[in-house]
Amino acid sequence: MQVSGRVVTLRLGETFVISRSAQDTAEVVQVELEHEGVRGFGEAAPIERYDESAASALEYVEEHAELVGDDPFALEHILDRLPKREFAARAAIDAALHDLCGRLLELPVWRLLGLPRIGPPTSWTIWLGDPDDMARRAERAGAFKRLKLKLGAGDGLDVERVRAVRAVTDIPLQVDVNEGWEEDEALENLPQLAQLGVEYCEQPLPASAEVSFKGRSPIPVFLDENCHTLADVGVCAELADGINVKLAKSGGIREALRMIHAARALGVGVMLGCMVESGLGISAAAQIASLCDHVDLDGNLLLAEDPAPGVELVDGVQLPPAEPGLGVEAEALSRPR
């Protein structure tokens, strides 16, 4: 297989704010594989929180291109050969392999995996702001059936943010604190969030805290920053009620499937998350959305313009395309020849 990669800058429609950062653009790494005249494409967003960048991801792709080999269907062998670091780069390669296999067989990836073309409704992210601002933005989210509110500002107003949003909408709410609370603050806030009808709370404490919320919270707690690969699932199952699986953390679809099945075996819930990505990255995740309890796949919808359209938002659900492979219009992403 011929392997190439590139860094692409995606521009957001509005500044995206969480507890530890704000951004107007996002850099992703895109991978192209070619085999017997057929091309497959993949994308992932490196996460600065884990010391990965688009530049380091591209370097990984280019350095290890020869390890991809000549058989696109040898997925497990290929990923075993690749060094287990730069997980966004691994995820982009994994996605390109799945896309290529689907195109070669003329089947969408969800069918290759034996999965249905369904999934829970995606949440729409209301980024961090003052309570009134978040409420105004929530009022404009009419096409969505779930809202995920970013919290963790450190100003003591997080419950007021949720209360302000609840005053303008009755659709289900989730919150994501992005490691922004201390333990005492979490234990004070969680019962109040339960009274406001919040479905679950994502990552209330820093990953380093390793505090258990089992039996201590009236609403489920899901862990994101604590949970990267299969090796983390067992520990997270002892600390919380669920895990957040992201392809950019796990290294791709193959590892994400292992994490989901392990979580089910351990009796914890699964949510499927994303970074700011184009439709190419979102499509890879949408292929496995039917296995998850909750879905947060709005990364492409946050963009000013999606360079890889194809994922359909239907009745609040981000449906994986019915076309072969990942099914997005990825040909436009190919470098000029």
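This one's a predicted model, so the numbers in the text were calculated from it and none came from an experiment.

A. Here's a closer look at the pairing of strand β1 (residues 2–18). Sheet analysis places β1 next to strand β2 (residues 21–35), joined by 13 bridges and oriented antiparallel. The partner of L10 across the bridge, within β2, is A26. Counted between consecutive antiparallel strands, the loop separating β1 from β2 contains two residues.

B. View of the packing of aromatic side chains. All chains considered together, the criterion is met by three aromatic pairs. Their ring planes at 50° and their centres at 6.4 Å tell us that F16 and W127 sit as a pair that is tilted. Placement of the pair is F16 in strand β1 and W127 in the loop between β4 (124–126) and α5 (131–139), with a sequence separation of 111 residues. Residue classification places F16 among the buried residues on the basis of a relative accessible area of 10%. Residue W127 is classed as buried on the basis of its relative accessible area of 11%. Here the aromatic rings of W124 and F144 are separated by 4.7 Å at their centres, their planes lie at 20°, and the arrangement is stacked. In this pair, W124 sits in strand β4 while F144 sits in the loop between α5 and β5 (147–150), placing the two residues 20 residues apart along the sequence.

Conventions adopted
Residues numbered from 1 in each chain as written. Predicted model: local features only at pLDDT ≥ 70, side-chain atom pairs only at ≥ 80, totals over all residues. Heavy atoms only, no water. Pairing = 2+ DSSP bridges. Helix = DSSP H or I, 4+ residues; strand = E, 2+ residues; numbered from the N terminus. Phe/Tyr/Trp six-rings, centres within 6.5 Å; stacked < 30°, edge-to-face > 60°. Buried < 20%, exposed > 50% of the residue type's maximum accessible area, 1.4 Å probe, protein only.

In short, the description is geometric, and any link to function would need to be established separately.
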